[in-house]
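Descriptive structure summary
If you want the building blocks of each chain, they are given just below.
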Amino acid sequence: MIHLLAGLLRAHDPVLSALVVLEALLGSAAGVALLGLQSPAGRWAVRRAVLFGCAVAATSWLSFVTALAGTYPKLSLAVPLDSALPAVAISLLASISAGIIQQRGARSARNAMLAGSLLACGFSCMLFIGMAGLVRPFQIAYDLTAVLIVMTLGAALCGLALREMGNTERRHRRLVASGLIAIAINILALGSLAAILPFDAWLATVLQTDDLASSPIAIIIAAEAVGVLALGLSGSLLDNRVAARGRMESDRFRQLADSAFEGILIHRDDRILDGNRSLAALLGVPLGALRASPMSRFLLPDSDLRLWTSEGGAAVETDIVAADGSICPVEILSRIISYQGGSAVVTALRDVRERRISEERIRFLAHHDVLTELPNRAMLSARLEHALPLAARSGVPLAVLCLDLDGFKMVNDTLGHAAGDQLLVQVAGRLRQTLRSTDFVARLGGDEFIVVQTTGGHPDEPAAHLARRIVDGFVPGFRIDGTDVNVGVSIGIAVFPDDGADAASLMKNADIALYHAKEHARGWFCQFRIGIDQALHERRQMEQDLRTALQNNEFTLSFQPVFGSDLAVIAFEALLRWTHPTQGPISPARFIPVAEASGLIIPLGEWVMRTACSEAMSWKQPCRIAVNLSPAQFVLGDLQATVTAMLAETGLAPHRLELEITEGVLMDNNESAMHALSDLRALGVRLALDDFGTGFSSLSYLQRFSFDTLKIDRSFVQRLESSVDTRAIVNAIISMSRELGIAVTAEGVETQAQFDLLAAQGCDAFQGFLLGFPMAQNTVAPFLLRRLMAERDAA
């Protein structure tokens, strides 16, 4: 090895070294090209091998001579003919043998190593036979280990090159093979020359007997022959390992195929060659019986076989027939492969039954409501788009009925949203029972439904009759989780073509009619007519103006004093006022209902409470401040949190804040109102029952709810002077409140006679124009100061 390294590191002629590389590249490229010529099989394979051997042998001899000139520049290059011919013959024979093995042998590691070993051995023997003839009568001395290492390395490179040439369909493989053979030739040429020992070592070989057994060339040939056999054996062992690994991979692939969810089918010419367990389960036959079965057994008679044999990038859907005769939709993707020595088609099958069911469900949900499974807005639009032209051509009127449930929000708030959903499902079922097969019903969302009646209109107004049937259909009530629930329905009707020429106008006018029906009474229906939309327009405009007023701070508070029996000021009631930029002052009776219906009462009520509490904090006297609460604030807002925040923000003592509620709060939401009032009572604020005696007054309110003040409505006060019965009722209210420990305030006191009668009956507080008008916010503090100074002067 030391001699080999020293020989490789010795100085070489760079020009001749480069020439060796060039010769090797050109010669190996020519040999590989000749060996890879496309031609008929048979004797042409031998001819290609002969051409390849000639090219490689010629290249080897030229590379040897050039490398020899570069390594030993002073040595004569005239190789005797009796040495040159055997040398070239051995190289030619070895190269041709390698070519034949590559052409006709199986593509295996053994054949590649055997062919590569023959190429390397032929080159090495050629080189040493030529060298022996060149230095005769001397005998060259060499490092046999180095010779075998060089030959083995060259054999490995040549074997790899010939193996690469097996992929003839890839052009770049030939280039790789040419490069590898060129490298091998250079290594063999330079390495073999480097394995020759220095000249002084040759003298020892002169003293040896000159027989075949001791001939250096014979030893090299014998050693390299053994090397060829060893490399061939190594290739065989490698092939065996590869074959064993191949069997393992085959078993692994079989396991992988059987574990796949998709069915895998390998077929050729309408015959099933193989498949996996998923395919057998999909078709309902044993895997053994599946093999060699005709494909047509599992296909529909009109199936297109081209779907199963075409190689494409996109999957296609088709149907197959299982063993039990059921039809199964599948998605298939095919590819052509090499299988068992021939071309076959592998097809992956995916069961898409569940996907089709899901797709059908998705398509259904795209046009139907998820909860009630009624048609949705999209399907309603499509139905009207189809029905309106038919109605226009036939002259048969078409009616659109807009339905809205009465009391649905109360069900949601008291029983929960789950109960509300159950109610909607039952409503949908009842509507289906009420309507005819020609009618159409859809749910738009929430508690809003639309009915399309294709025989509506004049002269007998069946649309109104249908509306009546729907309203009557809600009379029995509903039962939700063991609880009886009574809800009504309000209906607005618009008839084509009188009330609208297209779907949008019909829907809009039916909605306007619905609004008027809900304004009229619960469980009512109304048909659209010209002019009724003006009120809705005004309401919507007022709602927009209210939003603008909140943003622009257009609201103000007036404060009306409340006097005790000694005429001392004990409280003020905050009264909301709105001065519209263009319409001037607007009565609270007009804008408060709009604020309640739109939900604006929540921010508006917070503004009133904050402003009133802040104003009360600025007074020198600790008078109470009374703030009216809307029923909507109990339903839509969190009163306890709002009041707590306002007291903390303004610093007002809780006992100075009095919250006035009407009987409507107690009637609409009895249980929840009781809890809300209890929470407010826990904060320490005062509670007053406003407008007592009107509407549906019930003494049970006074028993169940803890009030601090009861306010007699002004309608009783106004009739005190003229009605004996009224005086008796007021006296009874005051006496009852005294027994219950509730203070009584009389509203609307406008005459001295009214005041005297109330005072004589023991009324605790008085409020009205007789004693004090509502005053602006900036006049309250001066008013209190004047009263205080007057009291001091009187004292």
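Now for a look at the structure at hand. Being a predicted model, the structure only gives us computed values, none of them experimental. (Residues numbered from 1 in each chain as written. Predicted model: local features only at pLDDT ≥ 70, side-chain atom pairs only at ≥ 80, totals over all residues. Heavy atoms only, no water.)

1. A closer look at the pattern of salt bridges
This is how it is decided: Whenever Lys or Arg places a side-chain nitrogen within 4 Å of a carboxyl oxygen from Asp or Glu, that contact is recorded as a salt bridge. Only DSSP runs of H or I with at least four residues qualify as helices, and only runs of E with at least two residues qualify as strands; both kinds are numbered from the N terminus onward. Burial here depends on accessible area, computed with a 1.4 Å probe over protein chains only, as a share of the maximum for the residue type. Under 20% is buried, over 50% is exposed, and the range in between is partly exposed.
According to the stated counting rule, one finds 25 salt bridges in the structure shown. Arg361 is paired through a salt bridge with Glu373; the nearest N and O atoms lie 3.6 Å apart. Here the residue Arg361 occupies a position in helix 13 (residues 353-366), and Glu373 occupies one in the loop between helix 13 and helix 14 (377-394), the gap between them amounting to twelve residues. The class of Glu373 is partly exposed, set by a relative accessible area of 38%.

2. Points about unusual backbone geometry
For the bond running from Phe496 to Pro497, omega is 5°, close enough to zero to count as cis. Structurally, Pro497 is set in the loop between strand 11 (488-496) and helix 18 (503-520). A positive phi angle, close to 50°, is found at Asp481, a residue other than glycine. On the accessibility criterion, Asp481 (62% relative accessible area) is exposed. With a phi close to 60°, Asn553 is a non-glycine residue in the positive phi region. Looking at the element boundaries, Asn553 is found in the loop between helix 19 (533-552) and strand 13 (555-564).

3. What about the packing of helix 19 against helix 20 (residues 588-598)?
Quick reminder of the rule: Axis lines are fitted through C-alpha atoms, for helices just across the contact stretch, and the angle between N-to-C directions can take any value from 0 to 180 degrees. Roughly parallel means an angle under 35 degrees; roughly antiparallel means over 145; roughly perpendicular covers 65 to 115; every other angle is labelled oblique. Only heavy atoms enter the contact rule, under which two residues are in contact if any of them lie within 4.5 Å. Polarity classes work like this: nonpolar for Ala, Val, Leu, Ile, Met, Phe, Trp, Tyr, Cys and Pro, charged for Asp, Glu, Lys and Arg, and polar for all others, with Gly in that last group.
Relative to each other, helix 19 and helix 20 sit at 85°, their axes nearing to 10 Å. Relative to helix 20, helix 19 is oriented roughly perpendicular. In contact with Arg539, Met542, Glu543, Leu546 and Arg547 of helix 19, helix 20 contributes Arg590, Phe591, Val594, Ala595, Ala597 and Ser598. The class makeup of the residues in the contact of helix 19 with helix 20 is six nonpolar, one polar and four charged.

4. Let's talk about the environment of Pro631
Tracing the backbone through its elements, the reader meets Pro631 in helix 22 (residues 631-636). Separated by 31 residues in sequence, Pro631 and Thr662 place their C-alpha atoms 7.7 Å apart. Among all residues touching Pro631, those that are not within four sequence positions of it are Glu596, Thr662 and Val665.

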